Amino acid sequence: MKRTAIIIVALLSAGVASATTKSLQLPPDAVQLKPNALPGYALAQSQCVACHSAEYMLYQPPSAARAYWDAMAKRMKAVFKAPVADADIPVIVDYMVKTYGNEQPK
Ligand code: HEC
């Protein structure tokens, strides 16, 4: 009886020891929005990367014009219920088109 108890304690402490030395592999950091001084940057950070990473912006064609980004932002709101205020959309679109679209600085 006493012997069994000792074995259990040994097993438990082995379990604790291995738990503390376990290392956790996290996936690589998600792609972040490209920072710049445009006011839409902060808005996009709070409103455009809650559901998906900024990788989605990266994969849009660099030739995409303002109208494309405008439609995209409005689609996010209408279809996916992105909590974006209408007044913020042009500001976010300005950031998107100048950062990922066809108004990027050459
Ligand atoms: C409520 C969640 C949500 C928020 C907030 C959101 N999106 Fe999305 N977004 C999605 C989903 C879901 C998809 C994938 C839809 C698909 O594949 O058609 C997506 C896809 C995209 C894509 C990839 C293009 C595409 O057609 O799939 C872009 C670009 C994008 N979002 C931009 C934005 C921008 C800009 C904002 C901020 C105005 C934003 N998203 C905010 C849910 C969201």
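Note: the structure precedes this text.
Residues numbered from 1 in each chain as written. Predicted model: local features only at pLDDT ≥ 70, side-chain atom pairs only at ≥ 80, totals over all residues. Heavy atoms only, no water.

Draft legend 1. Focus on the nonpolar core. L33, A44, M57, W69, Y95, M96 and Y100 are the most contacted members of the largest nonpolar core, which totals 19 residues. Elements supplying a minimum of two residues to this core: α2 (39-47), α4 (66-80) and α5 (89-99). Looking at this core, the element that brings in the most residues is α5, giving six residues. Beyond its immediate stretch of four places on either side in the chain, M96 contacts L33, A44, C48, M57, W69 and G101. (Core = buried A, V, L, I, M, F, W, Y, C linked by side-chain atoms within 4.5 Å. Buried < 20%, exposed > 50% of the residue type's maximum accessible area, 1.4 Å probe, protein only. Helix = DSSP H or I, 4+ residues; strand = E, 2+ residues; numbered from the N terminus. Contact = heavy atoms within 4.5 Å.)

Draft legend 2. Region of interest: α2. Of the residues making up α2, those classed as buried are G40, Y41, A44 and Q47. Down the axis of α2, the smallest arc covering the buried residues is 150°, so these residues share one side. Those residues of α2 that are exposed and angled more than 90 degrees off the buried face are P39 and S46. On the buried face of α2, the contacting elements are α5. (Arc of directions from axis to C-beta.)

Draft legend 3. Seen up close, the coordination of the iron atom of the ligand. With distances of 2.0 to 2.1 Å, the protein atoms coordinating the iron atom of the ligand are H52 (NE2) and M76 (SD). Coordination at the iron atom of the ligand is octahedral, judged from the six donor atoms that bind it and the angles of 85 to 179° they form at the metal. Linking H52 in the loop between α2 and α3 (55-58) with M76 in helix α4, this pair joins segments that are 24 residues apart in sequence. (Donors = N, O, S within 2.8 Å, 3.2 Å for Na, K, Ca; no water. Tetrahedral: all angles 85-135°; square planar, octahedral: opposite > 155°, others 65-115°.)

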